[in-house]
Amino acid sequence: MVAGLKKVMKKGLGEMGFNKGGGNINWFPGHMAAATRAIRDRLKLADLVIEVRDSRIPISSTNRDLQPMLTNKRRIIALNKKDLANPNIMHKWSHYFESCKQDFLAINAHSKSSVQKLLELAEFKLKEAITREPTLLVMVVGVPNVGKSSLINSIYQIAATRFPMQKKKKRATVGPLPGVTQDIAGYKIANHPSIYVLDTPGVLVPSIPDIETGLKLALTGSVKDSVVGEERIAQYLLAVLNCRSTPLHWRHINTRGLDENNSNDKNEYNVKDLLRNRRKPPNPSDVHYIEDVVTEVQRTLYVTLSEFDGDLDDENDLEILIAQQFEALQKALKIPNKASEARTMVSKKFLTLFRAGKLGPFILDDVPDVSAS
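To keep things clear, this report deals only with the structure shown in the data block. (Residues numbered from 1 in each chain as written. Predicted model: local features only at pLDDT ≥ 70, side-chain atom pairs only at ≥ 80, totals over all residues. Heavy atoms only, no water.)

**Describing the overall build of the protein**
And then number 1: In terms of helices and strands, the protein carries 13 helices and 6 strands.
And then number 2: In the protein, which comprises 373 residues, the proportion classed as buried is 50%.
And then number 3: When contacts within the protein are restricted to residue pairs at least 6 apart in sequence, long-range pairs at least 24 apart make up 75% of them. (Helix = DSSP H or I, 4+ residues; strand = E, 2+ residues; numbered from the N terminus. Buried < 20%, exposed > 50% of the residue type's maximum accessible area, 1.4 Å probe, protein only. Contact = heavy atoms within 4.5 Å.)

**Structural notes on the packing of aromatic side chains**
Ring pairs (aromatic) are described by centroid distance and by the angle formed between their planes.
And then number 1: According to the stated counting rule, one finds 5 aromatic pairs in the structure shown.
And then number 2: Where Y96 meets F97, the ring centres are 5.1 Å apart and the plane angle is 65°; that geometry is what we call edge-to-face.
And then number 3: You can call F97 buried: its relative accessible area is 3%.
And then number 4: Over the face of the ring belonging to F326 we find R343, whose NZ or CZ atom lies 4.1 Å from the ring centre. (Phe/Tyr/Trp six-rings, centres within 6.5 Å; stacked < 30°, edge-to-face > 60°. Lys NZ or Arg CZ within 6 Å of the ring centre and 35° of its normal.)

**Description of unusual backbone geometry**
And then number 1: Its identity is not glycine, yet N145 carries a phi of approximately 65°, on the positive side.
And then number 2: With respect to the helices, strands and loops of the structure, N145 is situated in the loop between β4 (135–141) and α6 (148–162).
And then number 3: The exposure class of N145 is buried, given its relative accessible area of 18%.
And then number 4: The backbone of S245 shows a phi angle near 60°, a positive value even though the residue is not glycine.
And then number 5: Structurally, the position occupied by S245 is in the loop between α9 (230–243) and α10 (260–265).

**A short note on the packing of helix α7 (residues 211–219) against α9**
And then number 1: The contact between α7 and α9 brings their axes to 10 Å, and the two run at 105°. Here α7 lies roughly perpendicular to α9, going by the angle between them. For the pair α7 and α9, contact is made by E212, L215, K216, A218 and L219 and by R232, I233, Y236 and L237, respectively.
And then number 2: Its residues assigned to classes, the contact of α7 with α9 comprises 6 nonpolar, no polar and 3 charged. (Axes fitted to C-alpha atoms, helices over the stretch in contact; angles between N-to-C directions. Parallel < 35°, antiparallel > 145°, perpendicular 65-115°, else oblique. Nonpolar A, V, L, I, M, F, W, Y, C, P; charged D, E, K, R; others polar.)

**What to know about the side chain of T300**
And then number 1: With respect to the helices and strands, the residue T300 is situated in helix α11 (residues 284–306).
And then number 2: Not counting residues up to four positions away in its chain, the partners in contact with T300 are A328, L329 and A332.

**A short note on the pairing of strand β6 (residues 194–199)**
And then number 1: Burial within β6 is extensive, with 5 of its 6 residues counted as buried.
And then number 2: Judged from the 6 bridges that link them, β4 and β6 form a sheet pairing that is parallel. Bridge assignment links T135 to a residue of β6, and that residue is S194. (Pairing = 2+ DSSP bridges.)

**Some remarks on the packing of helix α12 (residues 315–332) against helix α13 (residues 342–355)**
And then number 1: The interhelical angle for the contact between α12 and α13, taken along N-to-C directions, is 80°, at an axis separation of 10 Å. Relative to α13, the element α12 is oriented roughly perpendicular. Residue-level inspection shows F326, L329 and Q330 of α12 in contact with α13, the latter providing A342, R343, V346, S347 and F350.
And then number 2: Per-class residue counts for the contact of α12 with α13 are 5 nonpolar, 2 polar and 1 charged.

**Section: the pattern of salt bridges**
And then number 1: Within this structure, the stated rule accounts for 10 salt bridges.
And then number 2: When the shortest N-O distance is used, the salt bridge between K125 and D103 registers 2.7 Å. Placement of K125 in helix α5 (residues 112–130) and of D103 in the loop between α4 (87–99) and β3 (104–106) is noted, with a sequence separation of 22 residues between them.
And then number 3: Each of the salt bridges in this network shares a partner with another, and the network as a whole consists of E51, R53 and R75. (Salt bridge = Lys/Arg side-chain N within 4 Å of Asp/Glu carboxyl O.)

The following block contains the structure:
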């Protein structure tokens, strides 16, 4: 099945209908050009660079334009959102980065203990510079929406307990949409020596020639849905799940019965229910309802794939299966048949489940073969 998956990814996904007719995709909004120039200027002064990537796409979330400048810098690659990545594969990525002699750490930017380990590694990397420099500059870089600002906020909370702060500092702005941080801001986190952390806006490369890389970035939220189209992204996700036979692993899911009263009172969920909200705990009834939705979605995808008698290596057959799954998901998500934007509504809710980790942990990139390079 691996060979078939490679064939479909290389040929099918690049030529299927949902990748046609979309015209040139503008991955590179205007503010990114100015931000890229500013980042390059500041990189020359940086004593350490923390390059934040998405654990689900450790290679695809690389800004290749910045790599030549990072090669000769002290650098730590922080694979953020490790809670959304498949832990059974992470050790292979550990071996890969070790083979490349590159310091890296899988982290969860919302976990104090996880960020603490990153700080310890950063201090180790800066140990030599700390003894001879009165001021040190740490830059945090990465593509949009990989969690840079969330990481800085966590670093700040830890630093406030470890170092005497002259005054209370403003936290970095955090949001679920790519491009929230559109300027470069500095935050002092320590004295003796003074250490400043710079949060930078997420910047993509001006051109992404590989459609699969572009779709992975869109699927994980580094490119705004409106740029690519929710339906196109959802079709790509379904293609990946089907080619990996992921729904077949959901055969033995505990399909507990839905509460009739709950389903009658609340026949659709709000996608915002699944976004990170640190201020108030989730409503228990909402949690149970979302679990029911997830179970029904997984059951639906298992049934449609297990009953499918076509060839997943054939792009036409794969398109037919995906079309069938869209119809089945519309019923599973209780979206009215007459809804004019039914496929868009299905796509938005389906993508939200994936991005929130409700469909399980995934790593979309394949580990590169170091011996072949």
